[in-house]
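# Examination of the molecular architecture
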Amino acid sequence: MINYFSSNFKLGILGGGQLGKMLLAETQKFDIYTCVLDASKDAPCASICNEFHVGSLMDFDTVYQFGKKVDTLTVEIENINVDALEKLEKEGIHVYPSSKTLRTIQNKATQKLFYIDHQIPTATFSRFASSHEITTAINHETLSFPFVWKKAQFGYDGTGVKVVRSFSDLENLPNVECVVEKLVDFKNELAVIVARNVDGEVKTYPVVEMEFHTEANQVEYVICPARISEEIAKKAEQVALKTSEAFQHVGLLAVELFLTKEDEILVNEVAPRTHNSGHYSIEASYTNQFEQHLRAILNLPLGNTSSKVGGVMVNLVGEENYTGEVVYENIETILQMEGVTPHIYGKKITKPFRKMGHVTIVHKDLNKARKIAEKVKKTIVNKKMIQNHLKILNFSPSKVVLKANFSVERVEVIVRAF
């Protein structure tokens, strides 16, 4: 048995974003030595790992040389040079998830074909070498509106996905390899996280319900447990387990699902790592997803995935029309609310719809937790966003008090006399 704790063992993490940062909280708890590689010197992980290396995750030599420095390598992002991982595996470095799993998942067309090959239910789709071919398919009546366009590679956080309802929606799409899916008439978007260790022990987290921001196509709220029947929850879990079995991954696999109007479960896509849909687990679960990922890749016994209490997570994302320095206000206000825990990711620059943090609300009454989550989202304030709106509205900062939704759906200005 390898001694991982307070030892010479080195864990490598490819990607230094917020997922890596939250994973590091668990490695620190276990005193595991960590090395992180990220392209940005200011990545959230930079100041809290044992070693931080700056370099491109897509460059073969950079990833390969980094991997040679560690004993086990894991990821917090899928866009990585897989050829380097494959070579590292052949040389004895443990890589989880494997290069084979990542190679399949990196390309959405390949991922969709994988589902077909393994009889995993998914939305009807077509693949195209370029977006220009879509117009030809429509003109030849082999494709019809509406449908969902997905960039085959390098999409993230809603980027690279668009609902297409007319020719005008095709005009600004990049001319790249893509997948076109039938627009699913669904009741809910669900997710199940499956944990699998090296020995094949498997556990699932409860089914969660995801509410998406309509413009950003990005998860806005995650609700656990999902507000669905026990029968539907069991069906979703079975589909997730079948998907996990097909991939034979090690670590976590987040399986995003559609629940159709006919109560069918369809796989949308998967992520072979810790996932936004599992952030609630830090406060609400007996074993949070980050600790569980460590247990899985180090082949330790998997922890209890049950929830201690109902939880709702709300994402804090950058304003749609603003890029600049980030400063948060009203954190004290939300801390006064029952069961509220904020997580700030440490990104100094905010960009449109960029994930800047999240807040978890735990409560024995799930509907109450959801209401608090909405209140939280409308309370968090970004000072730079305020200043931007003041300029537009021509108000003096010394003469106003502002309340603003961090993701900016509205801004209320209250003039106060001095």
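Each value, and the rule that gives it
All residue numbers here refer to positions counted from 1 along the written sequence of the relevant chain. Whole-chain, interface and lining totals are the exception, using all residues; otherwise, since this is a predicted model, local features are given only for residues with pLDDT of at least 70 and side-chain atom pairs are given and counted only at 80 or more. Note: side-chain values were computed over all heavy atoms of the structure, leaving out hydrogens and water. Only runs of H or I of at least four residues qualify as helices and only runs of E of at least two qualify as strands under DSSP, and these elements are numbered from the N terminus. Relative accessibility thresholds used throughout: buried, under 20% of the residue-type maximum; exposed, over 50%; partly exposed, between the two (1.4 Å probe, protein chains only). Only the protein chains shown count as cover for residues, and all accessible areas are computed by the Shrake-Rupley method using a 1.4 Å probe. The term nonpolar core refers to a set of buried residues drawn from Ala, Val, Leu, Ile, Met, Phe, Trp, Tyr and Cys, joined through side-chain atoms within 4.5 Å. Residues count as neighbours in contact if any of their non-hydrogen atoms are within 4.5 Å of one another. The definition of a polar contact used here is a pair of N or O atoms within 3.5 Å, where within protein one atom must be able to donate a hydrogen and the other to accept one, and adjacent residues in sequence count solely through side-chain atom pairs. Each axis is a line fitted through C-alpha atoms, taken for helices only over the stretch in contact, and angles between the N-to-C directions span 0 to 180 degrees. In this scheme, roughly parallel covers angles under 35 degrees and roughly antiparallel covers those over 145, while 65 to 115 is roughly perpendicular and the rest are oblique. Note: crossing handedness is left-handed where the near helix turns anticlockwise from the far helix by less than a right angle, and right-handed where it turns clockwise. Only Asp, Glu, Lys and Arg are considered charged, only Ala, Val, Leu, Ile, Met, Phe, Trp, Tyr, Cys and Pro nonpolar, and every remaining residue, Gly among them, polar.

### Points about the overall build of the protein
- Of regular secondary structure, the protein possesses twelve helices and 24 strands.
- Across the 418 residues that make up the protein, the buried fraction comes to 53%.
- When the accessible surface of the protein is totalled, it reaches about 18900 Å², and 48% of it is carbon and sulfur.

### Comments concerning the nonpolar core
- Counting 21 residues, the largest nonpolar core has Leu-257, Ile-265, Val-267 and Val-270 as its most contacted members.
- Mapped onto this core, the elements with two or more residues apiece are α5 (108-117), β10 (186-196), α7 (230-247), β14 (251-260) and β15 (265-271).
- It is α7 that provides the largest number of residues to this core, a total of five residues.
- The contact partners of Leu-257, leaving out residues within four places of it in the chain, are Asn-188, Glu-189, Leu-190, Val-192, Ala-236, Val-239, Ile-265, Leu-266, Val-267 and Asn-268.
- Membership of the second largest hydrophobic core comes to 20 residues, among which are Tyr-4, Leu-11, Cys-49 and Leu-298.

### Regarding the environment of Tyr-4
- Its place among the elements puts Tyr-4 in the segment before β1 (10-14).
- Residue Tyr-4 is classed as buried on the basis of its relative accessible area of 7%.
- Residues Tyr-4 and Phe-30 lie 26 residues apart in sequence; the distance between their C-alpha atoms is 8.4 Å.
- Those residues in contact with Tyr-4, other than ones at most four positions away along the chain, are Phe-9, Asp-31, Ile-32, Leu-298 and Leu-300.
- A polar atom in the side chain of Tyr-4 sits 3.0 Å from the backbone oxygen of Leu-298.

### Some remarks on the packing of helix α3 (residues 82-90) against helix α4 (residues 99-106)
- It is at 9 Å that the axes of α3 and α4 come closest, and there the two elements cross at 165°. Between α3 and α4, the crossing angle belongs to the class labelled roughly antiparallel. Relative to α4, the crossing made by α3 is left-handed. Two secondary-structure elements touch here, α3 through Val-82, Asp-83, Leu-85, Glu-86 and Glu-89 and α4 through Ser-99, Leu-102, Arg-103 and Gln-106.
- Within the contact of α3 with α4, the residues separate by chemical class into three nonpolar, two polar and four charged.

### Quick look at the packing of α4 against α5
- With their axes 5 Å apart at the nearest point, α4 and α5 run at an angle of 105° to one another. Looking at the two axes, α4 sits roughly perpendicular to α5. The segment α4 lies against α5, with Thr-104, Ile-105 and Gln-106 engaging Lys-108, Thr-110, Gln-111 and Phe-114.
- A class-by-class count of the residues in the contact of α4 with α5 yields two nonpolar, four polar and one charged.

Limitation: the analysis is restricted to geometry and does not speak to function.
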